[in-house]
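Listed below are the residues making up each chain.
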Amino acid sequence: MKTVERLMPAYLRDLEPYDSPGAEEDKDGKIWVNANEYPTATVYEERFDTLNRYPEIQPKLFCRRYARYAGLEPEEVLVTRGADEGIELLIRTFCDPQTDTVLYPAPTYSMYRISSRTCGVRAEAVPSQDGWHVDIEALCDRLKDGKEGKGPAVKLVFFCQPNNPTGELFSEPTIRRLVECAGEDTLVAIDEAYIEFTPESTMVSLMKDYANVVIIRTLSKAFALAGLRCGLLLARREIIAALRKVIAPYPVPAPVGQIAAQALSDEGLALMRGRVETINQNRAYFVRRLQALGLSVYPSVTNFVLIALDEAPSVYRRLWQAGVAARDPGDGKTLRISIGTRAECEAIADQLQRIRGESL
């Protein structure tokens, strides 16, 4: 092992990999609300009679349908192996290793930091207000310092809208201010993984006003296709052209392209919107149950909620023992719980009520 570590670049030797506790476990017998997945399976038709051929470089039908869905042109859409590949692709395409800096607020999605580190790019977090509210002014101040030579210049900003794990949603003027502070020499990647749960909050329209805006999307959440590993980058044509220089050949397997195109059909979009309505209703019910227990729940428009808890690690372990896989963000003060079926929401609320009763 010591020899293997010497073979690795120094910046990778102490990197902790992305971890989703329980991801390798048998999915039967527990309520899985730790990964913001849709709780029930979807059904699609698959064709396997063309697997002897390489797939399209980009699945044309899916790109056309997604462009129509997003209000863009197909040339402004790039399909990736999940949003995670899109995050890494942005870093690899536009950042110089050991030279450039990636900026993001904290807490937020951990892959911004991990992907930056794996590419040898400096990752810098700007702490949020009170551990929850993103500090836009601090982000803008850091960007300004970089431009004035008071610190490393920032090449790429990641900004999650709505944010994970807090569920915080940002107004259009707030994000517009961040984009303007970044300026034309800094890309701003707005991660809209959860945007289907609040579609009126999308920032796609900013692409028309600012050449440095990239939108990150996924089919993993509202489209209920986490196992498909299908993500997208939306940007102006010149950015997409640059990304296509770097992306690996044939990034989207043929069955993925087929299923993704079905998900973006008129019928598929109607089903997605029905799922969103169900999750939003279940979230409202779950929040009411939690608040009735005296728990503090952060506002959320996503398919998860963040709960403020004393002794959060202890509650996490007791939920796990009771058959509920939640997510511990690691701050010792909160737990994130994905919104499942109504029966799952009821069962989790019952377990939390039991745990609180025992604690009292």
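Residues numbered from 1 in each chain as written. Predicted model: local features only at pLDDT ≥ 70, side-chain atom pairs only at ≥ 80, totals over all residues. Heavy atoms only, no water.

Draft legend 1. Molecular detail of the pairing of strand S12 (residues 334-338). Within S12, 5 of the 5 residues are buried, which leaves it mostly tucked inside the rest of the structure. Burial of S12 is two-sided: the residues Thr334, Arg336 and Ser338 facing one way and the residues Leu335 and Ile337 facing the other way are all buried. Summarising the sheet, strand S10 (residues 304-308) and S12 pair through 5 bridges and their orientation is antiparallel. Within S12, the position partnered with Phe304 by the bridge is Ser338. (Buried < 20%, exposed > 50% of the residue type's maximum accessible area, 1.4 Å probe, protein only. Helix = DSSP H or I, 4+ residues; strand = E, 2+ residues; numbered from the N terminus. Pairing = 2+ DSSP bridges.)

Draft legend 2. Representation of the side chain of Ser201 in the model. As for its position among the elements, Ser201 is in the loop between strand S6 (187-191) and helix H7 (206-209). Of note is the side chain of Ser201, whose polar atom sits 2.8 Å from the side chain of Thr198. Ser201 has contacts with Gln161, Leu169, Glu192 and Ile195, leaving out every residue within four places of it along the chain. (Polar contact = N/O pair within 3.5 Å; in protein donor to acceptor, adjacent residues only side chain to side chain. Contact = heavy atoms within 4.5 Å.)

Draft legend 3. Spatial organisation of the environment of Leu309. Along the chain, Leu309 turns up in the loop between S10 and helix H11 (312-321). On the basis of relative accessible area, Leu309 is assigned to the buried category, the value being 9%. Apart from the residues within four sequence positions on either side, Leu309 is in contact with Leu295, Val315, Gly332, Lys333, Thr334 and Leu335.

Draft legend 4. Here's a closer look at the sheet that holds strand S5 (residues 154-160). The sheet built from 7 strands is open, its strands ordered S2-S8-S7-S6-S5-S3-S4 with mixed pairing. A strand with exactly one partner marks an edge of an open sheet, and here the two such strands are strand S2 (77-80) and strand S4 (122-127). Between one strand axis and the next, the sheet turns through 25 degrees on average, direction left out of account. As judged from the 4 bridges shared by strand S7 (residues 213-218) and strand S8 (residues 231-234), these two strands associate in the antiparallel manner. Paired with Thr218 across the bridge in S8 is Gly231. (Axes fitted to C-alpha atoms, helices over the stretch in contact; angles between N-to-C directions.)

Draft legend 5. Looking closely at the layout of surface pockets. The space that makes up the second largest pocket amounts to roughly 250 Å³. A per-class count over the lining of the second largest pocket returns 10 nonpolar, 8 polar and 3 charged. (1 Å grid on protein atoms, 1.4 Å probe; cavity = no way out; pocket = protein on both sides within 12 Å on 5 of 7 lines; lining within 4 Å. Points joined across faces, edges and corners; volume = space filled by probe spheres on them. Nonpolar A, V, L, I, M, F, W, Y, C, P; charged D, E, K, R; others polar.)

Draft legend 6. Spotlight on the side chain of Asn212. Here Asn212 lies in the loop between H7 and S7. Residue Asn212 is classed as buried on the basis of its relative accessible area of 6%. Setting aside its immediate chain neighbours within four residues, Asn212 contacts Val179, Ala182, Gly183, Thr186, Leu187 and Val188.

Draft legend 7. Representation of a nonpolar patch on the surface. On the surface, Tyr54, Ile57 and Tyr250 cluster together into a nonpolar patch covering about 340 Å² of accessible area. Relative to the helices and strands, Tyr250 resides in the loop between helix H8 (237-246) and helix H9 (254-263). (Patch = residues over 30% accessible without salt bridge, like charges linked within 9 Å, V, L, I, M, F, W, Y side chains within 5 Å. Areas by Shrake-Rupley, 256 points an atom, 1.4 Å probe, with all protein chains shown as cover. Salt bridge = Lys/Arg side-chain N within 4 Å of Asp/Glu carboxyl O.)

Draft legend 8. Spotlight on helix H6 (residues 172-182). Taken as a whole, H6 has its buried residues at Ile175, Leu178, Val179 and Ala182. Buried residues in H6, looked at end-on, bunch into an arc of 100 degrees, giving them a common side. Next to the buried residues of H6 lie helix H5 (136-147), S5, S6, H7 and S7. Directly after H6, the chain includes Gly183, whose backbone phi takes a positive value near 80 degrees. (Arc of directions from axis to C-beta.)

Draft legend 9. Region of the structure containing the sheet that holds S12. A sheet is described by the order of its strands in space; here 3 strands give the open sequence S9-S10-S12, paired in antiparallel fashion. Looking along the sheet, the strands with just one partner apiece sit at the ends: strand S9 (296-297) and S12. In terms of strand pairing, S9 meets S10 through 2 bridges, oriented antiparallel. Along S10, the bridge assignment pairs Ser296 with Ala308. Across the sheet, helix H10 (residues 266-292) is in contact with S9, S10 and S12; its angle to S10 comes to roughly 10 degrees.

Draft legend 10. Summary view of the pattern of salt bridges. Scanning the model with the defined rule gives 14 salt bridges in all. Between Asp84 and Arg229 there is a salt bridge whose closest N-O contact spans 3.4 Å. On the criterion of sequence distance, the pair formed by Asp84 in helix H3 (residues 82-94) and Arg229 in the loop between S7 and S8 is long-range, its members being 145 residues apart. The class of Arg229 is partly exposed, set by a relative accessible area of 36%. Glu192 serves as the salt-bridge partner of Arg217, at 2.9 Å between the closest nitrogen and oxygen. With Arg217 in strand S7 and Glu192 in the loop between S6 and H7, this pair connects stretches of sequence that are 25 residues apart. Residue Glu192 is classed as buried on the basis of its relative accessible area of 0%.

Draft legend 11. Quick look at the environment of Asn52. For Asn52, the position within the fold is in the loop between strand S1 (31-32) and helix H2 (60-70). Spatially, the C-alpha atom of Asn52 lies 30 Å from that of Glu267, the residues being 215 residues apart in sequence.

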